[in-house]
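Summary of structural features
Now for the letters of each chain:
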Amino acid sequence: MKITGRNIKRRLYGLRQLPSNIKRARYFRGHGVHSPFVYDVVRQVFMCSHLFADGRTDLYYDLLGRGVSPRRAVQLQNLMTHCGYESFDMDNDDVSAPRCDMMVATVAVAPERLKSMAARAAAMQSTLCIMSPAADRSRDEACREIVAAHGCTSIDNRGYLLIFNNYLPKQKFRL
């Protein structure tokens, strides 16, 4: 006997009209993330609201001094600790600068300079963090081009875009 009426697919069809942040609500706690590394980052870094107890706070205070919110500063300091990074660099795309494990591009960096920072991060095998990737149209387009050309894992959680240059396969996560 055939059941008539609207099936579940037709009932959920209207969800396409909802804003993208509501559509991705199911990924809030890492559900749907099929990479163990990214799942650990989501659970242990993005969802942690306090600094890890290892005593490092250098990146945290540098970010606060540049106007980044305390929540984002805690997350990035915890990411640095979680990944075992020792050094970082802020808003610098100079190729002759010393090697660092993590590069951070704040909103003060022009979208035109983001590509050179991504190239420097790839050459040094370091992680690039772009703060407010969708702040304006030109910055959003520059970030989309960087992610499309990138050969490794990238995570966009709307507050910042993380571009890893390590052993991970090419994957894009928008949380």
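Quick look at the structure, then. (Residues numbered from 1 in each chain as written. Predicted model: local features only at pLDDT ≥ 70, side-chain atom pairs only at ≥ 80, totals over all residues. Heavy atoms only, no water.)

1. Details of the overall build of the protein
Selection rule: Only DSSP runs of H or I covering at least 4 residues are called helices, and only runs of E covering at least 2 are called strands; the numbering of each starts at the N terminus. Exposure classes here rest on a 1.4 Å probe applied to the protein chains alone. A residue is buried below 20% of its type maximum, exposed above 50%, and partly exposed in between. We call two residues contacting when some pair of their heavy atoms lies within 4.5 Å. Exposure was quantified through the Shrake-Rupley algorithm and a 1.4 Å probe, taking into account, for residues, occlusion by the shown protein chains and nothing else.
Within the protein, the secondary structure is distributed over seven helices and six strands. Listing every helix and strand of the protein by position from the N terminus yields α-α-α-α-α-β-β-α-β-α-β-β-β. A buried classification covers 42% of the 175 residues belonging to the protein. For the protein, long-range pairs separated by at least 24 residues make up 52% of all intrachain contacts whose partners lie at least 6 apart in sequence. As displayed, the protein has an accessible area near 10200 Å², and 54% of this comes from carbon and sulfur atoms.

2. Here we look at the pairing of strand β3 (residues 127-131)
Our working definition: Strands are labelled as partners when DSSP assigns at least two bridges between them. The handedness of a crossover follows from its direction of travel: if, with the strands pointing away from the viewer, the path from the first strand over the helix to the second runs clockwise, the crossover is right-handed.
For β3, the tally of buried residues reaches five of five residues, placing the bulk of the element in the interior. Judged by which residues are buried, β3 turns out to be covered on both faces: Thr127, Cys129 and Met131 on one side and Leu128 and Ile130 on the other are all buried. Pairing of strand β2 (residues 102-105) with β3, which is carried by four bridges, proceeds in the parallel orientation. Among the inter-strand pairings, Met102 is bridged to a residue of β3, identified as Thr127. Crossover connection from β2 via helix α6 (residues 111-124) to parallel β3: handedness right-handed. With four bridges connecting them, β3 and strand β5 (residues 160-163) associate as antiparallel partners. Opposite Met131, over in β5, you have Tyr160 as the bridge partner.

3. Digging into helix α5 (residues 70-83)
Definition in use: Between the first and last residue of a helix there are one fewer steps than residues, each counted as 1.5 Å, and that sum is the expected span.
Look at α5: 20 Å from first C-alpha to last across 14 residues, which is about the 20 Å you get at 1.5 Å a residue. Among the residues of α5, those classed as buried are Arg72, Ala73, Val74, Gln75, Leu76, Gln77, Asn78, Leu79 and Met80. Those residues of α5 that are buried lie in contact with α3 (36-46), α4 (58-65), β1 (88-90), β2, β3 and β5. Residue Gly84 follows α5 closely and has a positive phi angle near 80°.

4. Concerning the packing of aromatic side chains
To describe a pair of aromatic rings, one takes the distance between the centres and the angle between the planes. The test is simple: To pair, rings of Phe, Tyr and Trp, with the six-membered ring standing in for Trp, must have centres within 6.5 Å; the planes then decide the type, stacked if under 30 degrees apart, edge-to-face if over 60, and tilted in the middle.
Applying the stated criterion across every chain yields a total of three aromatic pairs. On the numbers, 5.1 Å between centres and 85° between planes, the contact of Phe37 with Phe164 is edge-to-face. Of this pair, Phe37 sits in helix α3 while Phe164 sits in the loop between β5 and β6 (171-174), placing them 127 residues apart in sequence. Each member of the pair, Phe37 as well as Phe164, is classed as buried. An angle of 75° between the planes, with centres 5.0 Å apart, marks the rings of Tyr60 and Tyr61 as edge-to-face. Residue classification places Tyr60 among the buried positions, given a relative accessible area of 14%.

5. Some points on the side chain of Thr153
Just so we agree on the cut-off: Polar contacts, as used here, are pairs of N or O atoms within 3.5 Å; protein pairs need one atom able to donate a hydrogen and one able to accept it. Residues neighboring in sequence count only if both atoms are side-chain atoms.
Structurally, Thr153 can be placed in strand β4 (residues 153-156). Among the residues examined, Thr153 registers a relative accessible area of 2% and is labelled buried. Engagement of the side chain of Thr153 in a polar contact is seen with the backbone oxygen of Pro169, the distance being 2.8 Å. When sequence neighbours within four positions are dropped, the list of residues in contact with Thr153 reads Val38, Leu162, Ile163, Phe164, Leu168, Pro169, Lys170, Gln171 and Phe173.

6. Things to note about the sheet that holds β3
Rules: To get an axis, a line is fitted to the C-alpha atoms, and for a helix only the part in contact is used. The angle between two axes follows their N-to-C directions and goes from 0 to 180 degrees.
Strands sit in the order β1-β2-β3-β5-β4-β6 across an open sheet of six strands; the sheet is mixed. In this open sheet, the two edge strands, each paired with only one partner strand, are β1 and β6. Put simply, the sheet's adjacent strands are angled 15° from each other on average, direction ignored. Packed onto the sheet, α5 meets β1, β2, β3 and β5 and runs at close to 10° relative to β5. Here α6 sits on the sheet and contacts β1, β2 and β3; the angle it forms with β2, its principal contact strand, is near 175°.

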